[in-house]
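Listed below, chain by chain, are the residues.
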Amino acid sequence: MTSRTTPGLTRFNTSDETAAAADLHEVCSSSAWGSKVLAQRPYADTDSLFAASDAAMAELSTADLEEAMAGHPPIGRPKPGDPTSAREQRGMAGASEELRNELLELNLAYQEKFGHVFLICATGATAEFMLGQIKVRIENGPEQEREIVRTELGKINRIRLTRLVEEAEQS
């Protein structure tokens, strides 16, 4: 995305603090991330918003990351009635029952090991890719995995911020 001002960015920049905070909470459920991004409004362009998001993500504590992860459903089980999680997990749509079951088992093992859901930027990813990633990442240590999660959250936030600033009106 090239750096520019969009109708959605203008709306975000000029909306009241409560509405803007709610928009950011839909992007990322970390209140620390949202506060940091909100505090830097108005944004001159989308690149400025992305830079602020990335900087806020880099500063999140372990507890802040846990809060951010809590807003994400497990892969293969998008939140019912939530178009965002359904859209992001579209790659699971054609997955076989066998693959879904294996992913569920690995999700549970991952959660047991790390204390949170397996988090991956699922947009555009196939079920097979996500299964391969969880098989690799479950072998990581907690600190390594926390930094991978931070990176994945940053990718998700950029995708969601892009949707936010591309929309002329909030639906």
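Each residue is numbered by its place in its chain's sequence as written, counting from 1. At least 70 in pLDDT is required for a residue's local features to be given in this predicted model, at least 80 for side-chain atom pairs to be given and counted, and no such filter applies to totals for whole chains, interfaces and linings, which use all residues. Here the side-chain values reflect all heavy atoms present in the structure, with hydrogen atoms and water set aside.

Colleague: Please clarify how the overall build of the chain should be interpreted in this entry.
Modeller: Every helix listed is a DSSP run of H or I at least four residues long, and every strand listed is a run of E at least two residues long, numbered separately from the N terminus. In terms of regular secondary structure, the chain is built from 9 helices and 0 strands. Along the chain, helices (α) and strands (β) appear in the sequence α-α-α-α-α-α-α-α-α when read from the amino end. To get the radius of gyration, use the C-alpha atoms; to get the globule rule, take the number of residues to the power 0.38 and multiply by 2.2 Å. Against the 2.2 N^0.38 benchmark of 16 Å for 171 residues, the chain shows a C-alpha radius of gyration of 16 Å, consistent with a compact globule. Oriented by its inertia axes, the alpha-carbon framework of the chain measures out at about 50 × 35 × 25 Å. Any residue under 20% of the maximum accessible area for its type is buried, any over 50% is exposed, and the rest in between are partly exposed; the area is computed with a 1.4 Å probe on protein chains only. When the 171 residues of the chain are sorted by exposure, 46% land in the buried category.

Colleague: Please explain the packing of aromatic side chains as it appears in this structure.
Modeller: Two descriptors summarise a pair of aromatic rings, namely the distance from one centre to the other and the angle between the planes of the rings. For Phe, Tyr and Trp, rings pair up if their centres lie within 6.5 Å, where Trp contributes its six-membered ring, and each pair is then called stacked (planes under 30 degrees apart), edge-to-face (over 60) or tilted (otherwise). Following the criterion strictly, the structure yields 3 aromatic pairs and no others. Seen from their ring centres, F12 and Y43 are 6.5 Å apart, and the 20° between their planes marks the pair as stacked. A residue pair is termed long-range when its members are at least 10 positions apart, and F12 in helix α1 (residues 7-14) and Y43 in the loop between α3 (31-39) and α4 (46-58) qualify at 31 residues. The residues F12 and Y43 share a single accessibility class, namely buried. Centre to centre, the rings of Y110 and F118 are 5.3 Å apart; their planes meet at 80°, and the pair counts as edge-to-face. The same class applies to Y110 as to F118, namely buried. Linked through ring pairs, Y110, F114 and F118 together constitute an aromatic cluster. In this scheme, Lys NZ or Arg CZ marks a charge over a ring once it lies within 6 Å of the ring centre and within 35 degrees of the ring normal. Sitting over the face of the ring of F12, R41 holds its NZ or CZ atom 5.6 Å from the ring centroid.

Colleague: I tried to follow α1 on my own but got confused; where do I start?
Modeller: Every α-helix carries 3.6 residues per turn, so stepping three or four residues along brings you back to the same face. Among all positions of α1, only G8, L9, R11, F12 and N13 are buried. In this description, contact between two residues means that some pair of their heavy atoms is separated by no more than 4.5 Å. Residues of α1 that are buried in the fold lie against α2 (17-27), α4 and α9 (142-166).

Colleague: Teacher, can you tell me more about the side chain of H72 here?
Modeller: With respect to the helices and strands, H72 occurs in the loop between α5 (62-70) and α6 (83-88). What makes H72 buried here is its relative accessible area of 9%. Leaving out residues up to four positions away in the same chain, H72 has contacts with V117, L119, L153, I156 and R160.

Colleague: Sorry if this is basic, but what is going on with the packing of helix α7 (residues 97-114) against helix α8 (residues 127-137) here?
Modeller: Geometry of a packed helix pair, given as the angle between the helix axes and the separation of the axes. Helix axes are fitted only over the stretch in contact, all axes being lines through C-alpha atoms; the angle between N-to-C directions runs from 0 to 180 degrees. It is at 10 Å that the axes of α7 and α8 come closest, and there the two elements cross at 30°. Judged by the inter-axis angle, α7 sits roughly parallel to α8. In this structure, the crossing between α7 and α8 has a hand that is left-handed. Contacts between α7 and α8 pair L99, E102, L103, L106, N107, Y110 and F114 from the former with A127, E128, M130, L131, I134, K135 and R137 from the latter. Residue classes in the contact of α7 with α8 are distributed as 9 nonpolar, 1 polar and 4 charged. In what follows, roughly perpendicular refers to angles from 65 to 115 degrees, roughly parallel to angles under 35, roughly antiparallel to angles over 145, and oblique to any angle outside these ranges. If you view the pair so one helix is near and one far, a crossing is left-handed when the near helix is turned anticlockwise from the far one by less than a right angle, and right-handed when it is turned clockwise. Residue classes follow a fixed rule: Ala, Val, Leu, Ile, Met, Phe, Trp, Tyr, Cys and Pro count as nonpolar, while Asp, Glu, Lys and Arg count as charged, and any other residue, Gly among them, counts as polar.

Colleague: Hey, could you run me through the nonpolar core in this one?
Modeller: As a rule of thumb, soluble globular proteins bury nonpolar side chains together. Counting residues in hydrophobic clusters, the biggest one holds 45 residues, and the most contacted among them are F12, W33, L49, I75, M92, L153 and L161. For this core, the secondary-structure elements that each account for two or more residues are α1, α2, α3, α4, α5, α7, α8 and α9. A per-element tally of this core places α9 first, with 6 residues. In this view, I75 contacts Q89, M92, L103, N107, F118, I120, A122 and M130; residues no more than four positions away in its chain are not counted. Here, nonpolar core means buried Ala, Val, Leu, Ile, Met, Phe, Trp, Tyr and Cys residues that are tied together by side-chain atoms lying within 4.5 Å of each other.

Everything listed is a geometric property; what it means functionally is a separate question.
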